[in-house]
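Fold and contact review
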Amino acid sequence: MPAQAYMGKECVCQLRKGICDQSCVRDMLDTPFYIACLKLKGRRCVVVGAGDIGLEKVEGLLACDADVTLIAPEAIEPLREHAREGAIRWEQRPYAGAADLEGVFMAIAATDDTDVNISVYDDAERRAMLVNVVDVPPLCNFILPAIVRTGPLAIAISTAGASPALAKRMKREIEALFGEPYARLAVMLNDVRGWAKATLPTYQDRKEFFEGIVNGDPDPIALLRADNERAVQELIARAQDEQAAPRVTA
């Protein structure tokens, strides 16, 4: 349900203007967001609403190993399948209020009922919880960017709610530019992090070691694009040998 659907209703955003006049929507581009990556593994997250948007949010949470509860009287088939498989808990009923958020880390409202969405937002805000009402940035204390995810790499694209369509285009272009070779290199570099920590005594030494590989010649990304992983392994091994060799001082 888009933010415009709240026009003329009682104002429930942080401005508390009495009746919604959409000024909060107009101000969104001036709102600075603190960008962070949340560790959701095992944390309880609630999604209210079980349509296509609810499915998108549920699957995003499952990708991060969250403990997901879905609340909705009805659900589309892919969500029913997740419930049958035990990937999520489905409370097959309407949102019941604050009790549904007890012990919950994050709540996402994805219904087409503005009153339900407002209730989820108010109940979560009173508990200082993370809450997102889909497509209504003023009723969110965090927003969900478009995510490019390849292996261990995750790139977030946000337009501060101004244009999800633009964010989707940028996502497609970034996926084409930063794909599998970057993810493979990240895994290979992670494999030598333990060696670097044990061998190189200072942060600056470790920084120079990894930057020498990433920005070196030959280019490891070009090698991986050519499917020459062995050459990248040799590049890393040479860098290790150089760092481990005794340094001669004048």
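Attention here is on the structure that accompanies the text. (Residues numbered from 1 in each chain as written. Predicted model: local features only at pLDDT ≥ 70, side-chain atom pairs only at ≥ 80, totals over all residues. Heavy atoms only, no water.)

Some words on the layout of surface pockets
Its boundaries defined by the atoms lining it, the second largest pocket holds a volume of some 200 Å³. Around the second largest pocket, the lining comprises 16 residues; the ones closest to its centre are G49, P73, T111, D113 and V116. Looking at the lining of the second largest pocket residue by residue, the class counts come to nine nonpolar, three polar and four charged. (1 Å grid on protein atoms, 1.4 Å probe; cavity = no way out; pocket = protein on both sides within 12 Å on 5 of 7 lines; lining within 4 Å. Points joined across faces, edges and corners; volume = space filled by probe spheres on them. Nonpolar A, V, L, I, M, F, W, Y, C, P; charged D, E, K, R; others polar.)

Regarding the environment of R149
Here R149 shows up in strand 6 (residues 146-150). Note on R149: relative accessible area 47%, which makes it partly exposed. Along the backbone, R149 and G179 are 30 residues apart, and their C-alpha atoms lie at a distance of 8.8 Å. With sequence-adjacent residues up to four places away left out, R149 is seen in contact with C64 and A154. (Helix = DSSP H or I, 4+ residues; strand = E, 2+ residues; numbered from the N terminus. Buried < 20%, exposed > 50% of the residue type's maximum accessible area, 1.4 Å probe, protein only. Contact = heavy atoms within 4.5 Å.)

Some details on the sheet that holds strand 3 (residues 89-91)
Pairing is parallel in the open sheet, where five strands are placed in the order 3-2-1-4-5. Here the strands that pair on one side only, and so sit at the sheet edges, are strand 3 and strand 5 (130-133). Neighbouring strand axes in the sheet, compared pairwise and without regard to direction, differ in orientation by 15° on average. In this structure, strand 1 (residues 44-48) lies alongside strand 4 (residues 106-109), joined through four bridges in parallel fashion. Bridged to C45 within strand 4 is M106. Across the sheet, helix 2 (residues 52-62) lies against strand 1, strand 2 (67-71) and strand 4, angled at about 170° from strand 1, the strand it touches most. (Pairing = 2+ DSSP bridges. Axes fitted to C-alpha atoms, helices over the stretch in contact; angles between N-to-C directions.)

Here we look at the environment of A75
Inspection of the secondary structure puts A75 in the loop between strand 2 and helix 3 (77-85). On the accessibility criterion, A75 (11% relative accessible area) is buried. The spacing of A75 and G51 is 24 residues in sequence and 6.2 Å in space, taken between C-alpha atoms. Other than its neighbours up to four places away in sequence, A75 contacts A50, L70, R80 and W90.

Thoughts on the pattern of salt bridges
This model, assessed by the stated rule, comprises 13 salt bridges. Notably, a salt bridge pairs E74 with R80, separated by 2.9 Å at the nearest N-O pair. Residue classification places E74 among the exposed positions, given a relative accessible area of 54%. Overall, the relative accessible area of 25% leaves R80 in the partly exposed class. As a salt-bridge pair, D227 and R184 come within 3.4 Å of each other at their nearest N and O atoms. Of the two residues, D227 sits in the loop between helix 9 (220-225) and helix 10 (229-244) while R184 sits in helix 6 (residues 180-191), which places them 43 residues apart along the sequence. Counted as one network, the salt bridges with shared partners bring together E77, E81 and R84. (Salt bridge = Lys/Arg side-chain N within 4 Å of Asp/Glu carboxyl O.)

Focus: helix 10
In a regular helix each residue adds 1.5 Å, so 16 residues correspond to 22 Å; helix 10 covers 23 Å between its end C-alpha atoms and thus fits that length. Within helix 10, the full set of buried residues consists of A231, V232, L235, I236, A239 and Q240. Packed against the buried residues of helix 10 are helix 6, helix 7 (193-199), helix 8 (203-214) and helix 9. (Expected span 1.5 Å × (residues − 1).)

Quick look at the side chain of D123
With respect to the helices, strands and loops of the structure, D123 is situated in helix 4 (residues 114-126). Residue D123 is classed as buried on the basis of its relative accessible area of 6%. A distance of 2.7 Å separates the side chain of D123 from the side chain of Y95, its partner in a polar contact. Among residues more than four places away in sequence, those in contact with D123 are Y95, G97, A98 and L101. (Polar contact = N/O pair within 3.5 Å; in protein donor to acceptor, adjacent residues only side chain to side chain.)

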